[in-house]
Amino acid sequence: MPGAHFRFYEELNDFLPEQRKKTDFEAVFKDKRTIKDMIESIGVPHPEIDLILVNGKSVNFDYILRDKDRVSVYPTFESINIADVTRLKKRPLRKSRFIADINLRDIVRYMRAMGLDLYFDPSLPPRGIIEISKKEKRIILTKSKKLLKFKDVTHGIFLRPGSTEEQIRYVIDYLDIRMDVRPFSRCLGCNNPLENIQKQKIKDRIPPKTMAFCNKYSYCRRCDKIYWEGTHVFRMKKVIEKILGR
Ligand SMILES: [Zn+2]
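These lines cover the structure that appears in this document, whether it is placed above or below. Quick caveat: nothing in here was measured; it's all calculated off a predicted structure.

**Quick word on the layout of surface pockets**
Okay, step 1: By volume, the largest pocket is sized at about 250 Å³.
Okay, step 2: Considering the residues around the largest pocket, the lining is formed by 14 residues, among which F184, K216, S218, W228 and E229 are closest to the centre.
Okay, step 3: Listed by contribution, the elements that provide at least two residues to the lining of the largest pocket are β11 (217-220) and β12 (225-228).

**Structural notes on the coordination of the zinc ion**
Okay, step 1: Within the protein, the zinc ion binds to C187 (SG), C190 (SG), C220 (SG) and C223 (SG); these donor distances fall in the range 2.1 to 2.3 Å.
Okay, step 2: If you look at the zinc ion, its four donor atoms make angles of 102 to 121 degrees with each other, and the shape they trace is tetrahedral.
Okay, step 3: All donors to the zinc ion come from one chain, and their sequence spacing reads C-x2-C-x29-C-x2-C. A residue pair is termed long-range when its members are at least 10 positions apart, and C190 in the loop between α5 (164-175) and β10 (195-197) and C220 in strand β11 qualify at 30 residues.
Okay, step 4: Residue classification places C190 among the buried positions, given a relative accessible area of 18%.

**Some details on the side chain of S218**
Okay, step 1: Residue position: S218 is located in strand β11.
Okay, step 2: Apart from the residues lying within four places of it in its own chain, the contact partners of S218 are L194, E195, N196, I197, K225, I226 and Y227.

**Considering empty space enclosed by the protein**
Okay, step 1: Tallying each qualifying case throughout the model produces two cavities of 30 Å³ or more.
Okay, step 2: In this structure, the second largest cavity occupies an estimated 30 Å³ of space.
Okay, step 3: Considering the residues around the second largest cavity, the lining is formed by A100, D101, I102, D121, P122, L124 and I129.

**Details of the pairing of strand β5 (residues 70-75)**
Okay, step 1: Within β5, five of the six residues are buried, which leaves it mostly tucked inside the rest of the structure.
Okay, step 2: Sheet analysis places strand β1 (residues 3-8) next to β5, joined by four bridges and oriented parallel. Bridging from a neighbouring strand, F6 pairs with V71 of β5.

**Considering the packing of aromatic side chains**
Here a ring pair, both rings aromatic, is described through the centre-centre distance and the interplanar angle of the planes.
Okay, step 1: In this structure the tally under the stated criterion is six aromatic pairs.
Okay, step 2: Here the aromatic rings of F8 and F25 are separated by 6.1 Å at their centres, their planes lie at 10 degrees, and the arrangement is stacked. In this pair, F8 is assigned in strand β1 and F25 in strand β2 (residues 25-28), connecting sequence segments 17 residues apart.
Okay, step 3: Overall, F8 belongs to the buried group, its relative accessible area being 1%.
Okay, step 4: Every member of this aromatic cluster is reached through a ring pair, and the members are F6, F8 and F25.
Okay, step 5: Between the NZ or CZ atom of K36 and the centre of the ring of F61, over which it lies, the distance is 6.0 Å.
Okay, step 6: Between the NZ or CZ atom of K225 and the centre of the ring of Y227, over which it lies, the distance is 5.0 Å.

**What to know about the side chain of E165**
Okay, step 1: Mapped onto the elements, E165 comes out in helix α5.
Okay, step 2: For E165, a relative accessible area of 18% translates into the label buried.
Okay, step 3: Among the polar contacts made by the side chain of E165, one reaches the side chain of K242 at a distance of 3.3 Å.
Okay, step 4: In this structure, E165 is in contact with V239, K242 and I243, ignoring residues within four places of it in sequence.

The rules behind the values
Residues numbered from 1 in each chain as written. Predicted model: local features only at pLDDT ≥ 70, side-chain atom pairs only at ≥ 80, totals over all residues. Heavy atoms only, no water. 1 Å grid on protein atoms, 1.4 Å probe; cavity = no way out; pocket = protein on both sides within 12 Å on 5 of 7 lines; lining within 4 Å. Points joined across faces, edges and corners; volume = space filled by probe spheres on them. Helix = DSSP H or I, 4+ residues; strand = E, 2+ residues; numbered from the N terminus. Donors = N, O, S within 2.8 Å, 3.2 Å for Na, K, Ca; no water. Tetrahedral: all angles 85-135°; square planar, octahedral: opposite > 155°, others 65-115°. Buried < 20%, exposed > 50% of the residue type's maximum accessible area, 1.4 Å probe, protein only. Contact = heavy atoms within 4.5 Å. Pairing = 2+ DSSP bridges. Phe/Tyr/Trp six-rings, centres within 6.5 Å; stacked < 30°, edge-to-face > 60°. Lys NZ or Arg CZ within 6 Å of the ring centre and 35° of its normal. Polar contact = N/O pair within 3.5 Å; in protein donor to acceptor, adjacent residues only side chain to side chain.

Pasting the structure below:
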């Protein structure tokens with residue numbers, strides 16, 4: 001049977017069994033096999049991959065493997081110049097938008113508190129998540145490799161186990177989107193952008209004590225909710241600073 005030699009780099013090794021991590025190994029295949037199909041059968045979801053070299057030349061996912069090919073597979077590069085080779089993924093969309101699966105409930109409030117656009121609906125099945133991702137150009141955040149292996153997933157990030165802070169920091173660093181962070185600009189409940197609202201307009205809806213010390217209020221038109229800088233905001237600010245490493 002024909003076989004090709006593979007080597008996976010950096011965090012792509014997380015998907016491999018111990019004996020295949022950070023080393024060359026041979027994998028055999030039958031007939032015509034695309035490189036994408038082969039890599040996924042080895043266990044690495046394709047949205048994690050940014051560059052594949054076969055015998056030193058970059059190829060795309062449709063490349064048909066040949067006997068004795070030497071394949072190097074790399075995760076997303078953010079700072080290395082690889083302009084002269086084929087990038088498999090388009091650059092992150094100018095303003096990154098996200099959709100999280102049900103297992104990431106914990107990161108939702110904090111990502112929204114940072115002003116990041118994150119769609120979340122715990123009732124959505126995997127198919128529904130993919131449909132919204134495609135329609136609204138949202139990057140899928142998930143702890144499920146299975147979800148990222150669906151054929152039509154184009155933008156997805158696999159989140160490894162870790163704390164809420166670590167997972168959000170990973171997403172921000174991975175896409176290099178610190179510039180997009182705008183604390184408390186989005187509704188924590190529904191993801192809608194908040195607007196400023198004058199104190200006078202809402203004075204009968206705010207506790208008198210709050211009224212006395214706080215002058216800045218934001219409003220979510222979609223769920224008719226008012227936000228102001230209370231103690232929970234200070235607590236969240238601390239967590240956000242920690243995520244950003246400030
Ligand atoms: Zn809202």
